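Chain by chain, the residues run as shown.
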Amino acid sequence: LTFQFDELTKYIDSHQEEYVQTLREWVAVESDSSNVLKRPDLDRMMNITAEKLKAMGGNVEMVDIGLQELPSGATIPLPKVVTAQFGSDATKHTVCVYGHVDVQPAKIEDGWATEPYNLTDINGNLYGRGASDNKAPVLAWIHTVQAYQALDIELPVNVKFVIEGMEETGSNGLDAMILSHNDTFFADVDYIMISDCGWLSRRPALTYGTRGNCYFFAEVEGPTQDLHSGVYGGTVIEPMTDLIGILDTLISPGGKILIPGILEAVAPLSDEEWTMYQDIEFDVENYKKKIGVDHLMYSNKVDLLAHRWRYPTVTIHGIEGAFSAPGTKTVIPAKVIGKFSIRQVPNMDPAVVEKQVTDYLHSMFGRRKSPNKLKVTMVIGAKPWLADTQHPLYEAGQEAVRKVFKVDPDMIREGGTIPIAKTFQDVTRKSIIMLPIGGFDDGLHSQNEKMSRYNYIEGTKLFVAYLHEVGQIKRN
Ligand SMILES: NCC(=O)N[C@@H](Cc1c[nH]cn1)C(=O)O
Ligand SMILES: [Zn+2]
Ligand SMILES: [Zn+2]
């Protein structure tokens, strides 16, 4: 079978506007999985995804994954997971592409230069929430199959899809779905492909590790209702003061995690890793410029990469119930919920971390002798994932990158989390590769998230080439 790469890339180039228009339609759906009020939009996004795959002749199912329990105790249906299958030739490998079409929240008031849900092209950059994370990569995979179909070129592998709508909130319900479909949908899958991350620089990359994440709520409850801070201040032991006090014991100003046991679990950095990081092209000054800071926790490349990829960190995200609007409300909030997360790395175990954090916060709170009530809950416990870079999947990735971009890819890890990656690895026991097409400066989860046309279109070509390369891997 000769590989008709030129025909395929020409087809992709000539359909660029159509691909951008589809991305525009997808970005217009406010599929924010963290806000239950947006659930109808998220459900609509899952339907749009399923319809797109059906229109291409895929064998599509919308899998019911049960209910989501809300903090109030009420339940709502989780968005359905879309599965699809193209081809079932037993002589070929079967790959399964995983992606998500839910997004992080975004409001123009957060400081966006353009409407977050109106895809806006500025100098070849397509700005919009979810453009890079993860709608364009999912579409690039779909367009890959479509390009083969349109040119009547046989797919070199059978292609399956698993597209979910809860990734940004920890992939609720997906673990159980994978377990229950392991002997059916996943039985003939050979390899799993994920494109939900970005390059480190302008050089294309292959990703072989992600951090996990343990996300906590620390709720401090005091009076039965909010109080006037002048009338009651000085007499009441304030929940917010307690909360800030205990949150401040999590991490030192220099970035050292202060919770006993956490750092002890971390796999030490090997000499081999140190050398690998040393050889990676990473411009520290550029990195600082991109995020708009003069100083970082560390000044040298290896420390920075190691702390981005393979050491844990604590981030305090916000406080629910706190006064945060513009203006000067003089209130004592009655109940506040501190939200923080701890990125996980080998050999940390979320179940152990949950106990370490809960015990530690209760002991710090105990020292305050406060009459208020503290409740600590871990709401997400996602494990880290690490791949074998010597696997033929990675060789195939290198070959495909060379074919499309004429360079060797960086071999990188990702500081973010794909909560389901480790479950795929443990339950299906199939090899996984992460094949990013996002740019290093896409602003994921941030204001002005974007996907460049270049990455979107060349990324589609990369996937086309990659399927060919995977088709070449010898079958056992
Ligand atoms: N694109 C991957 C991504 O952004 N994943 C989220 C998943 C997550 C982890 N904890 C809560 N959500 C991330 O923040 O890494
Ligand atoms: Zn994502
Ligand atoms: Zn994300």
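Rules behind the numbers
- Residues numbered from 1 in each chain as written.
- Chains lettered and ligands numbered in written order.
- Predicted model: local features only at pLDDT ≥ 70, side-chain atom pairs only at ≥ 80, totals over all residues.
- Heavy atoms only, no water.
- Helix = DSSP H or I, 4+ residues; strand = E, 2+ residues; numbered from the N terminus.
- Buried < 20%, exposed > 50% of the residue type's maximum accessible area, 1.4 Å probe, protein only.
- Contact = heavy atoms within 4.5 Å.
- Areas by Shrake-Rupley, 256 points an atom, 1.4 Å probe, with all protein chains shown as cover.
- Lys, Arg positive; Asp, Glu negative; His and termini not counted.
- Charge placed at Lys NZ, Arg CZ, Asp CG, Glu CD.
- UniProt positions renumbered as here; feature names shortened; annotations may be inferred.
- Donors = N, O, S within 2.8 Å, 3.2 Å for Na, K, Ca; no water.
- Pairing = 2+ DSSP bridges.
- Axes fitted to C-alpha atoms, helices over the stretch in contact; angles between N-to-C directions.
- Polar contact = N/O pair within 3.5 Å; in protein donor to acceptor, adjacent residues only side chain to side chain.
- Salt bridge = Lys/Arg side-chain N within 4 Å of Asp/Glu carboxyl O.
- Expected span 1.5 Å × (residues − 1).
- Arc of directions from axis to C-beta.
- Near = heavy atom within 4 Å.
- Nonpolar A, V, L, I, M, F, W, Y, C, P; charged D, E, K, R; others polar.

As named in an unreviewed UniProt entry, the protein chain is Peptidase M20 dimerisation domain-containing protein, taken from Conger conger.

A. Geometry of the overall build of the protein chain. Within the protein chain, the secondary structure is distributed over 14 helices and 20 strands. Principal axes of the C-alpha set define a box for the protein chain whose edges measure 80 × 50 × 45 Å. Taking all 476 residues of the protein chain together, 54% fall into the buried category. Look at the contacts in the protein chain between residues 6 or more apart in sequence, and 80% of them connect residues 24 or more apart. Just so you have it, the protein chain exposes about 21,200 Å², and 49% of that area is on carbon and sulfur atoms. Here the protein chain carries 46 positive and 63 negative side-chain charges, and the mean point of each set is 2 Å from the other.

B. The UniProt feature "binding site: Mn(2+) 1" (unreviewed entry) in the protein chain, seen in detail. Sites flagged by UniProt as "binding site: Mn(2+) 1" (unreviewed entry) map to Asp133, Glu168 and His445. Over a stretch of 313 residues, the named residues converge on one spot in the fold, their C-alpha atoms separated by at most 9.6 Å. Along the chain, Glu168 falls in the loop between β8 (158-164) and α5 (174-180). Judged by relative accessible area, Glu168 falls into the buried class, the value being 15%.

C. Broad picture of the coordination of the zinc ion (ligand 3). Coordination sphere of the zinc ion (ligand 3), protein contribution only: Asp133 (OD), Glu168 (OE), Glu168 (OE) and His445 (NE2), at 2.0 to 2.5 Å. Linear spacing of the donor residues for the zinc ion (ligand 3) on their chain is D-x34-E-x276-H. The metal-metal distance between the zinc ion (ligand 3) and the zinc ion (ligand 2) is 3.4 Å, with Asp133 coordinating both. Linking Asp133 in helix α4 (residues 131-150) with Glu168 in the loop between β8 and α5, this pair joins segments that are 35 residues apart in sequence. For the pair shown, Asp133 and Glu168 are each scored as buried.

D. Up close: the sheet that holds strand β6 (residues 120-122). One open sheet accounts for three strands, arranged β6-β7-β20; its pairing is antiparallel. For this open sheet the edge positions go to β6 and β20 (450-452), each flanked by a neighbour on one side alone. Pairs of neighbouring strands in the sheet enclose a mean axial angle of 30°, with direction left out of account. Of the strand pairs in this sheet, β6 and strand β7 (residues 125-127) are connected by three bridges, and their pairing is antiparallel. Paired with Thr120 across the two strands is Tyr127, which belongs to β7. Where helix α14 (residues 453-472) meets the sheet, its contacts fall on β6, β7 and β20, and the angle it forms with β20 comes to roughly 60°.

E. Region of the structure containing the coordination of the zinc ion (ligand 2). Coordination sphere of the zinc ion (ligand 2), protein contribution only: His100 (NE2), Asp133 (OD), Asp196 (OD) and Asp196 (OD), at 1.9 to 2.5 Å. In this structure Asp133 comes out as buried when scored by relative accessible area, which is 7%. The exposure class of Asp196 is buried, given its relative accessible area of 9%.

F. Looking closely at the side chain of Lys160. Structurally, Lys160 can be placed in strand β8. Polar side-chain contacts of Lys160 include one of 2.6 Å to the backbone oxygen of Phe185. Only 2.8 Å separates the side chain of Lys160 from the side chain of Asp188, close enough to count as a polar contact. For Lys160, the contacting residues outside a window of four places in its chain are Ala84, Gln85, Thr94, Val95, Cys96, Val97, Phe185, Asp188 and Val189.

G. Spatial organisation of the pattern of salt bridges. Evaluated as defined, the whole model comprises 23 salt bridges. The shortest N-O distance in the salt bridge between Arg129 and Glu449 comes to 2.8 Å. Taken together, the residues Arg129 in the loop between β7 and α4 and Glu449 in the loop between β19 (431-434) and β20 connect sequence positions 320 residues apart. Accessibility assignment for this pair places Arg129 and Glu449 in one class, buried.

H. Spatial organisation of helix α12 (residues 392-405). The end-to-end C-alpha distance of α12, which contains 14 residues, comes to 20 Å, matching closely the 20 Å that a straight helix rising 1.5 Å per residue would cover. If you check which residues of α12 are buried, you get Leu393, Tyr394, Ala396, Gly397, Ala400, Val401, Val404 and Phe405. The buried residues of α12 occupy an angular sector of 155° when projected down its axis, which confines them to one face. Lys406 sits one or two positions beyond α12 and adopts a positive phi of about 60°.

I. Representation of the site of ligand 1 in the model. Taken together, Asp133, Glu167, Glu168, Asp196, Asn213, Arg343, Ile380, Gly416, Thr417, Ile418 and His445 make up all the residues around ligand 1. Note that an oxygen atom of ligand 1 is positioned 2.8 Å from one of the side-chain N or O atoms of Arg343. Protein burial of ligand 1: of its 370 Å² of free accessible surface, 92% is covered by the chains. For the shell around ligand 1, a count of residues per class yields two nonpolar, four polar and five charged.

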